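# Structural overview for review
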Amino acid sequence: MAENRDVTIYDIARHLKISAATVSRGLNNNPAVSKNTRKKIAEAARKLGYQSNTFASSLRSKSTHTLGVLVPRLNSHFMSSVLAGMEKAANKHGYNLIIAQSLEEAENEKLNAETMFNKRVDGLLISLAYDTPNLNHLEPFFKRNIPVVFFDRVQPHTSSISVVINNYEAAYNITSHLVEQGCRRIMHLGGNLLRNVYKDRFDGYRQALKDRDLPFQEKWHLVSALSEKDGTEAADYMLNLPAAKRPDAVFCANDTSAVYCMMALKAAGLRIPEDVAFAGFNNDPISKVIEPNLTTVDYSGEIMGNTAVTNLINHLKGLSNLYSTNSITLRADLIIRASSLKSKAGGKK
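Because the structure is predicted, anything quoted here is derived from the model rather than measured.

### Quick notes on the environment of Leu-239
Mapped onto the secondary structure, Leu-239 falls in helix α10 (residues 228-239). You can call Leu-239 partly exposed: its relative accessible area is 27%. Measuring from C-alpha to C-alpha, the distance between Leu-239 and Leu-265 comes to 7.7 Å, with 26 residues separating the pair along the chain. Those residues within four positions of Leu-239 in sequence are excluded, and the remaining contacts are Arg-246, Leu-265, Ala-268 and Leu-270.

### Remarks on the packing of α10 against helix α11 (residues 255-267)
Contact pair α10 / α11: the axes reach a minimum separation of 7 Å and the direction vectors enclose 45°. The pairing of α10 with α11 is recorded here as oblique in orientation. Seen along the crossing, α10 lies across α11 with a hand that is right-handed. On α11, the residues touching Glu-228, Gly-231, Thr-232, Ala-234, Ala-235, Met-238 and Leu-239 of α10 are Thr-256, Ser-257, Tyr-260, Cys-261, Ala-264 and Leu-265. Taken together, the residues of the contact of α10 with α11 sort by class into 8 nonpolar, 4 polar and 1 charged.

### Examining unusual backbone geometry
The omega angle of the peptide bond from Ile-272 to Pro-273 is 15°, so this bond is cis rather than trans. By the secondary structure assignment, Pro-273 is in the loop between α11 and β9 (277-279). Note the cis peptide between Glu-291 and Pro-292, where omega equals -5°. In this structure, Asn-29 is a non-glycine residue whose phi angle is positive, near 55°. Here Asn-29 is to be found in the loop between α2 (20-27) and α3 (35-48). A positive phi angle is found at Glu-104, which is not glycine, with a value near 65°. When you line up the elements, Glu-104 lands in the loop between β2 (96-101) and α6 (106-118).

### Focus: the packing of aromatic side chains
Scanning the entire structure with this criterion turns up 8 aromatic pairs. For the pair Phe-202 and Phe-216, a centre-to-centre distance of 5.6 Å together with 70° between the ring planes defines the contact as edge-to-face. Of this pair, Phe-202 sits in helix α9 (residues 196-211) while Phe-216 sits in the loop between α9 and β7 (221-223), and the two are 14 residues apart along the sequence. Phe-202 sits in the buried class, given a relative accessible area of 8%.

Thresholds applied
- Residues numbered from 1 in each chain as written.
- Predicted model: local features only at pLDDT ≥ 70, side-chain atom pairs only at ≥ 80, totals over all residues.
- Heavy atoms only, no water.
- Helix = DSSP H or I, 4+ residues; strand = E, 2+ residues; numbered from the N terminus.
- Buried < 20%, exposed > 50% of the residue type's maximum accessible area, 1.4 Å probe, protein only.
- Contact = heavy atoms within 4.5 Å.
- Axes fitted to C-alpha atoms, helices over the stretch in contact; angles between N-to-C directions.
- Parallel < 35°, antiparallel > 145°, perpendicular 65-115°, else oblique.
- Left-handed = near helix turned anticlockwise from the far one by under 90°.
- Nonpolar A, V, L, I, M, F, W, Y, C, P; charged D, E, K, R; others polar.
- Phe/Tyr/Trp six-rings, centres within 6.5 Å; stacked < 30°, edge-to-face > 60°.

Below is the structure:
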């Protein structure tokens, strides 16, 4: 036998001088093969270095027990929590995950989706990239009735469900809190309005202003990728405004850019929250490291991941119908910390 050739059931059959069919049945623990013969087959398989062809068997069973997961990026505390929840649920039900990141680029997401489809995943879980314009790249899944579950960054589709939080309500509440602290010129650092999370947070912010008779001004709505650099650049933008027209509060659609904006303003001599109050979103660990600690919105990535996978697997097992609802909305809580407590800090109202 050539050294580099894979060991087959025919090699085991020749070694034991039995039929290949008997070897196949024995490897699958078929009771038609005696226990003693099954034991001999297993021992020969180990000795010869046989590896079962799970791909071939999956073609026969039409199931790979593998789920594809597409995320915008892996270097995110929130996404790490989501994946931990997914892994826990998948392992519990005997499924494996194939994980890929789009790096916030639609083209990468398209290529990764194609790879997942070609690997015959039983289902797909996806959080959309920053600039994904449509769902055309997912049509092969929809046409083959391969279930798709969107989470966090979602886009409605009749052949899928979404697992989300109420971003609109959370943003409304956090903006209302800033108003209650005496803030009147509230800037919003937001993301691409193509994505539901950023559009809903922006809409909640605007509605809270409207309900309190406060004007919305385009110059106080900055759209970016919400990176560390973007947070610093937002601070530069604010510092270049006349002091009397400078925002007295900032609501940022994530914690990272909020923290870096705070750091740059503090370095320029501004006091937080006395001069500028701050609120972020996601309750990342960085929100509790910055001084003063950052007011934010907390929601569990682990619960979101666990919920998405559990619902997908229950559908695959026929225990529930994935499409009986359009979306599953999870709880989100406002976490008030010192960065937004302007009235308590004695700042001007």
